[in-house]
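Chains, contacts and geometry: an overview
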Amino acid sequence: MSKSTSNKTRAGNDNQERSRRARILVLHGPNLNLLGRREPEIYGSTTLADIHTTMEARALARGVQIESYQSNSEGELIDRVQAAATEGIEFIIINPGAYSHTSIAIPDALRGVAIPYIEVHISNIHAREAFRHHSHFSASATGVICGLGVQGYELALDAALARLVHA
Ligand code: CA2
């Protein structure tokens, strides 16, 4: 086999390997792009990029691919959820931000694609203003984690990995 053919084969195998891996999508709602840069007293100093790096390392160690997506727009988050179904995403971890308390359409999309999801909140929404106490996402979620800071994302990932591995 020529060198270039064997390189191509290796590249093909790598692609196949990647496409065989289970995939988890991490969704972040509005204003979470500001994480680590504003209001550290509530949300801490870790950035979204830091969260992604930590989660990716943990997931890859278990042979699972992680994708992260943040948007300030409800429609874009719905489009990403719908695309996840055609892409074969098997689990979603979502911090819907303030859409937790206002959006009917995003949880409808999640139910529509029937991909299991875990809802994460960095802060304890029950210890904050009354309007944050209810989330439209919680009733259909596999689980909800709140108030544990950014560690909540890692705990959600471990729970998702356990469900994927034992599925
Ligand atoms: O605690 C959470 O994770 C929240 O989902 C965060 C939302 C809030 O509306 C929810 O009630 C609870 C707010 C996200 C805004 O994120 C920022 C991060 C840094 C600086 C400013 C906003």
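Structure report, in brief. It should be emphasised that the depicted structure is a prediction, and the values quoted were computed from it without experimental measurement.

Section: the layout of surface pockets
Rolled over the atoms, a probe with the dimensions of a water molecule shows which regions are left empty. Of the pockets and cavities examined, the largest pocket occupies roughly 360 Å³. In this structure, the largest pocket is lined by 19 residues; those nearest its centre are Pro30, Asn31, Leu32, Tyr43 and Gly97. Considered class by class, the residues forming the lining of the largest pocket number 8 nonpolar, 7 polar and 4 charged.

Things to note about helix 4 (residues 74–87)
Note that an α-helix has 3.6 residues per turn; residues three or four places apart therefore point the same way. Across its 14 residues, helix 4 extends 20 Å between first and last C-alpha, which sits within 8% of the 20 Å expected from 1.5 Å per residue. All of the buried residues along helix 4 are Leu77, Ile78, Arg80, Val81 and Ala84. The buried residues of helix 4 occupy an angular sector of 160° when the element is viewed end-on, so they sit on one face. Facing away from the buried side of helix 4 by over 90 degrees, the exposed positions are Asp79 and Thr86. Looking at the buried residues of helix 4, the elements they touch are strand 1 (22–28), strand 2 (64–70), strand 3 (91–95) and helix 5 (105–113). The backbone nitrogen of glycine 75 lies 3.4 Å from a side-chain oxygen of the residue at the head of helix 4, namely serine 73.

Digging into the pairing of strand 3
Among the 5 residues in strand 3, 5 count as buried, and that is most of the element. A two-sided burial pattern is seen for strand 3, the buried positions comprising Phe91, Ile93 and Asn95 on one face and Ile92 and Ile94 on the other. Note that strand 1 and strand 3 share 5 bridges and pair parallel. Paired with leucine 25 across the bridge in strand 3 is isoleucine 92. As paired strands, strand 3 and strand 4 (residues 117–121) are joined by 3 bridges and run parallel to one another. Within strand 4, the position partnered with isoleucine 93 by the bridge is isoleucine 118. In this region the chain leaves strand 3, passes through helix 5 and returns to the parallel neighbour strand 4; the handedness of that crossover is right-handed.

Looking at the nonpolar core
Grouped together as the largest cluster of nonpolar side chains are 23 residues, with contacts concentrated most on Ile24, Met55, Val64, Ile93, Tyr153 and Leu157. Among the secondary structure elements, those contributing two or more residues to this core are strand 1, helix 3 (48–60), strand 2, strand 3, strand 4 and helix 6 (151–165). Sort the elements by how many residues they give to this core and helix 6 lands first, with 6 residues. Excluding residues that lie within four positions of it along the chain, methionine 55 makes contacts with Val26, Ile66, Ile93, Tyr153 and Leu157. The next biggest cluster of nonpolar side chains, apart from the first, holds 18 residues, and it includes Ala84, Ile92, Ile106 and Tyr117.

A look at the site of the ligand
Residues in close proximity to the ligand total 17 residues, the closest being Asn95, His101, Ile122, Ser123 and Arg132. One of the side-chain N or O atoms of histidine 121 is found 2.9 Å from an oxygen atom in the ligand. Bound to the protein, the ligand loses 95% of the 500 Å² it would expose on its own. Here the ligand is seated within the largest pocket. Partitioning the shell around the ligand into residue classes produces 8 nonpolar, 6 polar and 3 charged.

Rules of the game
- Residues numbered from 1 in each chain as written.
- Predicted model: local features only at pLDDT ≥ 70, side-chain atom pairs only at ≥ 80, totals over all residues.
- Heavy atoms only, no water.
- 1 Å grid on protein atoms, 1.4 Å probe; cavity = no way out; pocket = protein on both sides within 12 Å on 5 of 7 lines; lining within 4 Å.
- Points joined across faces, edges and corners; volume = space filled by probe spheres on them.
- Nonpolar A, V, L, I, M, F, W, Y, C, P; charged D, E, K, R; others polar.
- Helix = DSSP H or I, 4+ residues; strand = E, 2+ residues; numbered from the N terminus.
- Expected span 1.5 Å × (residues − 1).
- Buried < 20%, exposed > 50% of the residue type's maximum accessible area, 1.4 Å probe, protein only.
- Arc of directions from axis to C-beta.
- Contact = heavy atoms within 4.5 Å.
- Polar contact = N/O pair within 3.5 Å; in protein donor to acceptor, adjacent residues only side chain to side chain.
- Pairing = 2+ DSSP bridges.
- Right-handed = clockwise from strand over helix to strand, strands pointing away.
- Core = buried A, V, L, I, M, F, W, Y, C linked by side-chain atoms within 4.5 Å.
- Near = heavy atom within 4 Å.
- Areas by Shrake-Rupley, 256 points an atom, 1.4 Å probe, with all protein chains shown as cover.
- Sits in = over half its atoms within 2 Å of the grid points.

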